[in-house]
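This is what each chain is made of:
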Amino acid sequence: MTASSSSPTPAEAALPGQMTRTIVSFLLFVHFFALMVAVASNWSPSPLALRLRRVPFLLEYLQFLDMDQSYIGLFNLHDGLPEDTDAVVEIDLKFRDGTEEHAIYPPAGLWPRQRRQHYARLAETAADLSENQDLQSIVPQAIAAHLAEKASAEGKKIRSGDIRVRRLLLQPIEAVESSLANERDPRSETYFRKLYEAHVLLAGGRVQLLKVEEAQDVAPAASSSEESGQSAGKQGK
């Protein structure tokens with residue numbers, strides 16, 4: 001009776017061995033973990049999600065299976081909100097040999113369209129992170145470092161530069177029939193809004209960014225008349 005009850009049924013005998021099932025379960029866990037990291041790090045990533053992307057072989061695995069992209073990056077969903085508009089990253093570099101280079105992401109006319117979508121997603125991520133003081137320089141820093149390495153491979157070194165993250169806002173309907181040419185142009189500078197700007201510097205062999213602060217973010221210096229008035233007030237006391 002005991003030997004008969006412990007013998008496997010025909011259905012159990014047809015299953016793979018215990019070791020094989022354990023390996024398959026582990027591989028499935030790794031796959032779904034990588035997929036979770038891809039989803040979490042492609043839309044408003046947290047510092048933890050960004051660190052998880054640096055797990056060895058994880059990024060290569062995601063790219064090999066073409067899973068390192070979000071649903072929003074593949075399909076254009078629009079509600080007419082500012083975040084639904086196009087974002088661009090522009091960078092101007094000056095090299096020590098006197099030459100200059102201007103690059104924009106996504107590049108105009110890039111083909112195939114899938115490549116342009118990847119660059120558009122890169123610019124969109126930079127725009128989304130621009131409001132986060134801790135993360136806003138991550139994408140611009142990576143772009144500047146990439147171009148610096150590319151220039152170094154060509155025998156050139158960066159002297160200075162500027163990088164900007166901008167968003168192209170929607171053109172108002174009434175502007176289509178405006179008498180002003182810049183208002184009729186949907187890609188006029190009038191409709192661009194700057195989200196982030198920094199100077200590109202090369203220090204210690206590494207690319208560094210020095211953020212450009214807006215005038216409203218910097219406390220105005222006291223004028224000489226105000227300082228003299230404050231000084232006279234203190235002396236009177």
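1. A look at the confidence of the model for the protein
- When the pLDDT values of the protein are averaged, the result is 81; 78% of them are 70 or greater.
- Overall, residues 218–228 carries pLDDT values under 50, and its contacts beyond four positions in sequence, including any with other chains, amount to two contacts.

2. Focus on helix α8 (residues 138–153)
- Compared with the 22 Å implied by 1.5 Å per residue over 16 residues, the 23 Å span of α8 between its first and last C-alpha is a close match.
- The inward-facing, buried residues of α8 abut β1 (86–95), β2 (100–105), α7 (113–128), β3 (158–168), β4 (192–203) and β5 (206–211).
- Of the residues one or two after α8, G155 is the one with positive phi, at around 85 degrees.

3. Description of the nonpolar core
- The biggest cluster of nonpolar side chains holds 27 residues, and the ones touching the most others in it are V89, I91, I163 and V200.
- Looking at this core, the elements that each hand over two or more residues are β1, β2, α7, α8, β3, β4 and β5.
- Ranked by the residues each element gives to this core, the list is headed by α8, at six residues.
- The contact partners of V200, leaving out residues within four places of it in the chain, are I91, L93, A144, S160, G161, D162, I163, V207, Q208 and L209.
- By size, the runner-up hydrophobic cluster in this structure holds six residues, among which are A34, V37, L58 and M67.

4. Side note on the pattern of salt bridges
- Evaluation of the coordinates by the stated rule reveals seven salt bridges.
- Across the pair D92 and R164 runs a salt bridge whose closest N-O atoms are separated by 2.8 Å. Of this pair, D92 sits in strand β1 while R164 sits in strand β3, and the two are 72 residues apart along the sequence.
- A relative accessible area of 26% means that D92 is categorised as partly exposed.
- Overall, the relative accessible area of 15% leaves R164 in the buried class.
- Each of E90, D92, R164, R166 and E189 takes part in salt bridges that share partners, so that together they form one network.

5. Looking at the sheet that holds β5
- One open sheet holds the five strands; their spatial order is β2-β1-β3-β4-β5, and the pairing between them is antiparallel. In the strand order of this sheet, the two ends are held by β2 and β5, each with one partner. Recorded for the sheet is a direction-independent mean angle of 20 degrees between the axes of neighbouring strands.
- Relative to β2, β1 runs antiparallel, the two being bridged by six bridges. Note that in β2 the partner of E90 across the bridge is I104.
- Those strands touched by α8 are β1, β2, β3, β4 and β5, and its axis lies near 140 degrees from that of β5.

Reading the values: rules and limits
Residues numbered from 1 in each chain as written. Predicted model: local features only at pLDDT ≥ 70, side-chain atom pairs only at ≥ 80, totals over all residues. Heavy atoms only, no water. pLDDT = per-residue confidence, 0-100. Contact = heavy atoms within 4.5 Å. Helix = DSSP H or I, 4+ residues; strand = E, 2+ residues; numbered from the N terminus. Expected span 1.5 Å × (residues − 1). Core = buried A, V, L, I, M, F, W, Y, C linked by side-chain atoms within 4.5 Å. Buried < 20%, exposed > 50% of the residue type's maximum accessible area, 1.4 Å probe, protein only. Salt bridge = Lys/Arg side-chain N within 4 Å of Asp/Glu carboxyl O. Pairing = 2+ DSSP bridges. Axes fitted to C-alpha atoms, helices over the stretch in contact; angles between N-to-C directions.

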